[in-house]
Amino acid sequence: MTANAPSTSSSGIEIDSNSSVAGGVEDVYGEDTATEDQFITPWTVSVASGYPLLRDPRYNKGLAFSDKERDAHFVRGLLPPVVIGQDLQVKKMMHNMRQYQVPLQRYMAMMDLQERNERLFYKLLIDNVEELLPVVYTPTVGEACQKYGSIFRQPQGLFISLKEKGKILEVLKNWPEKKIQVIVVTDGERILGLGDLGCQGMGIPVGKLSLYTALGGIRPSACLPVTIDVGTNNEQLLHDEFYIGLRRKRATGQEYAELMDEFMSAVKQNYGEKVLIQFEDFANHNAFDLLEKYGSTHLVFNDDIQGTASVVLAGLMAALNLVGGTLAEHRFLFLGAGEAGTGIAELIALEMSKQTGAPLEETRKIWLVDSKGLIVRSRMDSLQHFKRGLGHEHEPVKNLLDAVKAIRPTVLIGSSGAGRTFTKEVVEAMASYNEKPVILALSNPTSQSECTAEEAYKWSQANNAYIFPGFGLGLIISGAIRVHDDMLLAASEALATQVSQENLDNGLIYPPFANIRKISAHIAARVAAKAYELGTIVLRLSNVLNLQESCNPLSEYFAVLSLTGLATRLPQPRNLVEYAESCMYSPNYHNYR
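Computed from a predicted structure; not experimentally measured.

*Asks:* I'm lost on the confidence of the model for the protein chain in this one. Help?
*Replies:* Interpretation of the predicted coordinates at a detailed level should be avoided for regions scoring low in pLDDT. With 85% of its residues at a pLDDT of 70 or more, the protein chain has an overall mean of 87. Long-range and interchain partners of residues 455-460, a stretch whose pLDDT sits below 50, account for 22 contacts in this model, where long-range means more than four residues apart.

*Asks:* Would you take a moment to explain the packing of aromatic side chains for this structure?
*Replies:* Between two aromatic rings, the relevant description is the distance of the centres plus the angle of the planes. In total, this model carries 12 aromatic pairs according to the counting rule given. Centre to centre, the rings of Tyr212 and Phe468 are 5.0 Å apart; their planes meet at 65°, and the pair counts as edge-to-face. Placement of Tyr212 in helix α10 (residues 203-216) and of Phe468 in helix α19 (residues 468-478) is noted, with a sequence separation of 256 residues between them. Judged by relative accessible area, which is 1%, Phe468 ranks as buried. Aromatic pair Phe279 and Phe282: ring centres 5.6 Å apart, planes at 85°, arrangement edge-to-face. Judged by relative accessible area, Phe279 falls into the buried class, the value being 1%. The exposure class of Phe282 is buried, given its relative accessible area of 0%. Ring-pair connections join several aromatic residues into one group, and the members of that group are Tyr59, Phe65 and Tyr592. Sitting above the plane of the Tyr592 ring, Lys61 keeps its charged end 4.6 Å from the centroid.

*Asks:* Is there a simple way to think about the nonpolar core in this case?
*Replies:* One recurring pattern in soluble globular proteins: nonpolar side chains tend to sit buried together. Counting residues in each nonpolar core, the largest one holds 119 residues, and the members touching the most others are Leu316 and Phe471. Ranked by residues supplied to this core, first place goes to helix α22 (residues 516-545) with 11 residues. Apart from residues lying up to four places away in sequence, Phe471 is in contact with Phe301, Val483, Met487, Leu488, Ala491, Ile523 and Val527. Judged by nonpolar contacts, the second largest core, of 36 residues, contains Ile160, Leu224, Ala251 and Ile277.

*Asks:* Would you mind showing me how to read the environment of Ala429 here?
*Replies:* Here Ala429 lies in helix α18 (residues 424-433). Among the residues examined, Ala429 registers a relative accessible area of 8% and is labelled buried. Considered as a pair, Ala429 and Lys405 are 24 residues apart in the sequence and their alpha carbons are 7.1 Å apart. Non-local contacts of Ala429, meaning those with residues more than four positions away in its chain, are made with Leu401 and Val404.

*Asks:* Is there a simple way to think about the packing of α10 against α19 in this case?
*Replies:* Helices that pack against each other are described as a pair by the angle of their axes relative to one another and the distance between those axes. α19 packs onto α10 with a crossing angle of 75° between their chain directions and a minimal axis gap of 8 Å. Relative to α19, α10 is oriented roughly perpendicular. Packed against α10, whose contacting residues are Lys208, Leu211, Tyr212, Leu215 and Gly216, the element α19 presents Phe468, Pro469, Gly472 and Leu473 at the interface. Residues that form the contact of α10 with α19 fall into these classes: 6 nonpolar, 2 polar and 1 charged.

*Asks:* I keep staring at the sheet that holds strand β12 (residues 411-414) and nothing clicks. Help me out?
*Replies:* Strand pairing in a sheet is mediated by backbone hydrogen bonds. Such pairs are either parallel or antiparallel. Spatial strand order, β11-β10-β9-β12-β13: 5 strands in an open sheet with mixed pairing. Of all strands in the sheet, those with a lone pairing partner are β11 (373-374) and β13 (438-441), marking the two edges. Taken together, the 2 bridges between strand β10 (residues 367-370) and β11 define a ladder with antiparallel strand orientation. Across the sheet, residue Asp370 finds its bridge partner in β11, namely Gly373. Where helix α15 (residues 339-356) meets the sheet, its contacts fall on β9 (332-335), β10 and β12, and the angle it forms with β9 comes to roughly 165°. This element, helix α17 (residues 400-407), spans β9, β10, β11 and β12 of the sheet and lies at about 175° to β9.

*Asks:* I keep staring at the sheet that holds strand β4 (residues 158-161) and nothing clicks. Help me out?
*Replies:* The strand order across the open sheet built from 5 strands is β4-β6-β5-β7-β8, with neighbouring strands paired in parallel fashion. Pairing within the sheet leaves two strands with one partner each, and these edge strands are β4 and β8 (300-302). Direction aside, neighbouring strands of the sheet carry axes that sit 25° apart on average. Judged from the 4 bridges that link them, strand β5 (residues 182-186) and strand β7 (residues 276-279) form a sheet pairing that is parallel. Counterpart to Val185 in the pairing with β7 is Phe279. In this fold α10 packs onto β5, β6 (223-229), β7 and β8, with an angle of close to 165° to the strand it touches most, β6.

*Asks:* Help me understand α18 in this model?
*Replies:* Helical geometry: 3.6 residues make up each α-helical turn, so side chains three or four residues apart lie on a common side. Within the sequence span of α18, burial applies to Val426, Val427, Ala429 and Met430. Across the axial projection of α18, the buried residues extend over an arc of 160°, all falling on one side. In α18, the exposed positions angled more than 90 degrees off the buried face are occupied by Lys424 and Ser432. Where α18 is buried, its residues contact α17, β12 and β13.

*Asks:* How should the side chain of Arg119 be read in this particular structure?
*Replies:* Within the element layout of this structure, Arg119 appears in helix α5 (residues 118-127). Overall, Arg119 belongs to the buried group, its relative accessible area being 10%. Among all residues touching Arg119, those that are not within four sequence positions of it are Pro57, Arg58, Gln86, Tyr585, Ser586, Pro587, Asn588, Tyr589 and His590.

*Asks:* How do you make sense of the UniProt feature "binding site: a divalent metal cation" (unreviewed entry) in the protein chain when you look at a structure like this?
*Replies:* Mapped onto this numbering, the UniProt entry annotates "binding site: a divalent metal cation" (unreviewed entry) at Glu280, Asp281 and Asp304. Annotated residues spanning 25 residues; largest pairwise C-alpha distance 6.9 Å, indicating a single compact cluster. Relative accessible area serves as the criterion here: at 2%, Glu280 is assigned to the buried category. Excluding its chain neighbours within four sequence positions, the residues that come into contact with Glu280 are Tyr137, Val184, Val185, Thr186, Asp187, Ile204, Lys208, Asp303 and Asp304. Setting aside its immediate chain neighbours within four residues, Asp281 contacts Thr186, Asp187, Gly188, Glu189, Arg190, Ile191, Leu192, Ile204 and Asp304. A polar side-chain atom of Asp281 sits 3.1 Å from the main-chain amide nitrogen of Leu192.

Scoring rules and cut-offs
- Residues numbered from 1 in each chain as written.
- Predicted model: local features only at pLDDT ≥ 70, side-chain atom pairs only at ≥ 80, totals over all residues.
- Heavy atoms only, no water.
- pLDDT = per-residue confidence, 0-100.
- Contact = heavy atoms within 4.5 Å.
- Phe/Tyr/Trp six-rings, centres within 6.5 Å; stacked < 30°, edge-to-face > 60°.
- Helix = DSSP H or I, 4+ residues; strand = E, 2+ residues; numbered from the N terminus.
- Buried < 20%, exposed > 50% of the residue type's maximum accessible area, 1.4 Å probe, protein only.
- Lys NZ or Arg CZ within 6 Å of the ring centre and 35° of its normal.
- Core = buried A, V, L, I, M, F, W, Y, C linked by side-chain atoms within 4.5 Å.
- Axes fitted to C-alpha atoms, helices over the stretch in contact; angles between N-to-C directions.
- Parallel < 35°, antiparallel > 145°, perpendicular 65-115°, else oblique.
- Nonpolar A, V, L, I, M, F, W, Y, C, P; charged D, E, K, R; others polar.
- Pairing = 2+ DSSP bridges.
- Arc of directions from axis to C-beta.
- UniProt positions renumbered as here; feature names shortened; annotations may be inferred.
- Polar contact = N/O pair within 3.5 Å; in protein donor to acceptor, adjacent residues only side chain to side chain.

Quick look at the structure:
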């Protein structure tokens, strides 16, 4: 253990002797502890200089290298003589970006920038987040994934296929960064509302992690995008000469399970207990199973199920200030009963149970419509397991409009991935029953949305990017080892409190996205606080049970901790909001010695 390494207690809980930065990843070279007026050394394997320095995206500053830096690092003459600041570079890049008329061209320009000047990429994205978010993520990233084979230039993450079975740990070690905090992984089977895109789904983990950095402040070097390639059932891709993945039908059953199990074990072995693994765009039949299987052994999170639910719940909490009543007094109807729909419904039921004290079985009186109509008890035998708790006594109803007329919901939520399903008749029916109906069309990309803002007045567009960056930051700064449902509720509550009266007066149920880093810090603080609170509860429980005096104290102790999401980074910071902000990555340039 080095002199600067955090100490560890006998229970395995990490204790920071100094305030950590960058979410707790060791800052070996002092890059993140350095202020903007302090000097750092641009290390690669050795000190980067000359032409290689200009080709290293972590340290390249382009025309912002000072005259002194150009001499010290042998780049004089390799750049034009002018020296300009980062703000002017941002202005120039935005001017260039706005010249592109095609969204995919903007996406490719942003990816090119990320590959040559990392800090400028994030500075550009942070300073222009409302304009560039649709470029680096939905809806443009959907088209990028569809055409990924044609636009692929150089790898931005790890591709783990069936060919790597038995040696996934070796593959992880090929990744140049060793201190990983967040992994976003997909198998490409259900990319947005576009279906099976196989290996080309890599655009999703890359995009999500760029938002973890820009919006949540996670250091880029601590992020790892992963695509698990088990084949594809997309015939068009299988016959596309530019397709970059395995040309075979998707693996299922034991073959699939064994590969995923090896991956999850290798991640834990290589990066430790506290690396966050976010499952992204898995098909329903795998998404729920993976979350259930690994939720008690790994720090895992599914944004499609849990992130979407947390964002929507926050919007509903804020909407109550406009429409009145409590959650329990409203009637909810969903179009779509997949990962997002059932995840949102379950979290709403959990919050209602928390508010009213009623058991979950009662608060689950939430209605859903899937491809076969209203989910009712008479369909129970044919329902997938994750829908069964949301089936209620009612006569069969075949379509959404009839369901709206029968249920008369006050809140209508679309998560079906089927475009233009909130028709004029559906919206008019909602308006006839409610003075202020709450209508949320959540499916993406835009072509798959149930309706547009112009077609149905709604207060704002819910976006998962409100929650997952801050949620992940909260897990990291607290050293959480598991995700707990109460953390999701805490994130929703934190987001809802960021909606000001002025926002509500303007009909908004989400705060302006321009303030997203501040919002993320508050969400992170609430999530971390909940992790510490849960840890306190379990530590007290362990004393009652005398777990530390058993024959195998450490294993039994952590068996209980694994159920909670205990915060292991101790002591708890006095001001969690300030601590979260201090841990956030800054894209501003450093000065070089």
